[in-house]
Amino acid sequence: MRKILAIILSLVLYYVSLSAQSASSLLIPSDISRAGMALSDACLSADSFGFEHLSASVSYGIWAPQNSNNKLMGFNAGMNFGKILSARIKAAHISDRVSGTLYNEYGAPVGEYKGADLKLEAGVGAKILPFLAADINVRILNSKPSPSLSSNAFTADANVVYRKDFWSALLGIRNLGALPSYSTVGVGYCSQLLKAEAEFDYYFSGELAASLGGELNIKNLAFLRAGYSYAGKSAPLPSFASAGLGLKLFGASLEGSYIFASPTLGGTMMFSLGFKF
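Residues numbered from 1 in each chain as written. Predicted model: local features only at pLDDT ≥ 70, side-chain atom pairs only at ≥ 80, totals over all residues. Heavy atoms only, no water.

1. Let's talk about the overall build of the protein chain
Then, in step 1: A count of helices and strands for the protein chain gives three helices and 16 strands.
Then, in step 2: Within the protein chain, buried positions represent 43% of all 277 residues.
Then, in step 3: Long-range pairs, those at least 24 residues apart, make up 47% of the contacts in the protein chain with a sequence separation of at least 6.
Then, in step 4: As presented, the protein chain carries roughly 14400 Å² of accessible surface, and 69% of it is formed by carbon and sulfur atoms. (Helix = DSSP H or I, 4+ residues; strand = E, 2+ residues; numbered from the N terminus. Buried < 20%, exposed > 50% of the residue type's maximum accessible area, 1.4 Å probe, protein only. Contact = heavy atoms within 4.5 Å. Areas by Shrake-Rupley, 256 points an atom, 1.4 Å probe, with all protein chains shown as cover.)

Here it is in structure tokens:
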């Protein structure tokens, strides 16, 4: 009986931890610029209208060190085909920074292990009209909280982006197929000097979130970013503020973001090094 109860308890803890870890993993941004603007991306999505370069970046970060305390490493690459189509791939590995203790069915410690998630994503985008573009992204998330427990989740995103002069609008559905799924709508003013945007999210669990973000372009060499995100009490991500800095020179870019004003996410730091060809 004791062994049966231990197995049941381990399965319950596994599914609870998987749900929480998957939510965190699916919402961790791969775009460090977006992180510096409180995850708003109406202007960043409008950049899909560029269709004129090949880009690649690697990233490293510490996510929620006061709570989940995860380390993340990522890789993004994108390529445009003419002025109509684009394709991109992303990979991210999120792991615990501190080892957890493994126990056998009798409650005795048998070793240590760091849980980890692996996200793989691919997407395509197309310019439908001179002022309208759409993209679809699919991803697989493998979560392995212990050596003997592993699970996969498959999700998809779909976005439609409007761009006219300096104005943009975004309508999308994110993380279809797994929690937390949500719909998003955003608007932005996107000039060479200034980006200012607002985004509103509705989680299908019934929670709401909203974010404001801005970016100041200093001679196309330095980029100062800041933002604030408000979320309901039960939202997958809590309210937080963020700041970011970007530097670009000769096709290379160095990006950094920092999240604060949140007891859950405070202290989160992320960095990326990228190139455009």
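2. What to know about the side chain of E121
Then, in step 1: Checked against the element boundaries, E121 lands in strand β6 (residues 116-129).
Then, in step 2: Since its relative accessible area comes to 17%, E121 is described here as buried.
Then, in step 3: Looking at E121, its side chain comes within polar contact range of the side chain of R139, at 3.2 Å.
Then, in step 4: The contact partners of E121, leaving out residues within four places of it in the chain, are R88, I89, K90, N137, V138 and R139. (Polar contact = N/O pair within 3.5 Å; in protein donor to acceptor, adjacent residues only side chain to side chain.)

3. Considerations on the pairing of strand β10 (residues 182-190)
Then, in step 1: Where burial is concerned, the two faces of β10 differ: the one with Y182, T184, G186, G188 and C190 is buried and the one with S183, V185, V187 and Y189 is not.
Then, in step 2: Here strand β9 (residues 167-176) pairs with β10 via eight bridges, running antiparallel. Bridge pairing in β10 places L171 opposite V185.
Then, in step 3: Counted along the chain from β9 to the antiparallel partner β10, the turn is five residues long, and its residue G177 has a positive phi close to 110°.
Then, in step 4: The pairing of β10 with strand β11 (residues 194-203) spans nine bridges and is classified as antiparallel. Opposite V185, over in β11, you have F200 as the bridge partner.
Then, in step 5: Between the end of β10 and the start of β11, which pair antiparallel, lie three residues. (Pairing = 2+ DSSP bridges.)

4. Quick word on the nonpolar core
Then, in step 1: W63, L72, Y203, L237, F240, L265 and M270 are the most contacted members of the largest nonpolar core, which has 21 residues in total.
Then, in step 2: Among the secondary structure elements, those contributing two or more residues to this core are α2 (32-36) and β3 (85-96).
Then, in step 3: In contact with L265, other than residues within four places in its own chain, are W63, A64, L237, P238, F240 and I259. (Core = buried A, V, L, I, M, F, W, Y, C linked by side-chain atoms within 4.5 Å.)

5. Points about the packing of aromatic side chains
Then, in step 1: Enumeration over the complete set of coordinates arrives at six aromatic pairs.
Then, in step 2: Note on W167 and Y189: the rings are 5.1 Å apart at their centroids and 65° apart in plane angle, and the pair reads as edge-to-face. Taken as a pair, W167 in strand β9 and Y189 in strand β10 lie far apart in primary sequence, 22 residues in all.
Then, in step 3: Residue class for Y189 comes out partly exposed when judged on its relative accessible area of 26%. (Phe/Tyr/Trp six-rings, centres within 6.5 Å; stacked < 30°, edge-to-face > 60°.)

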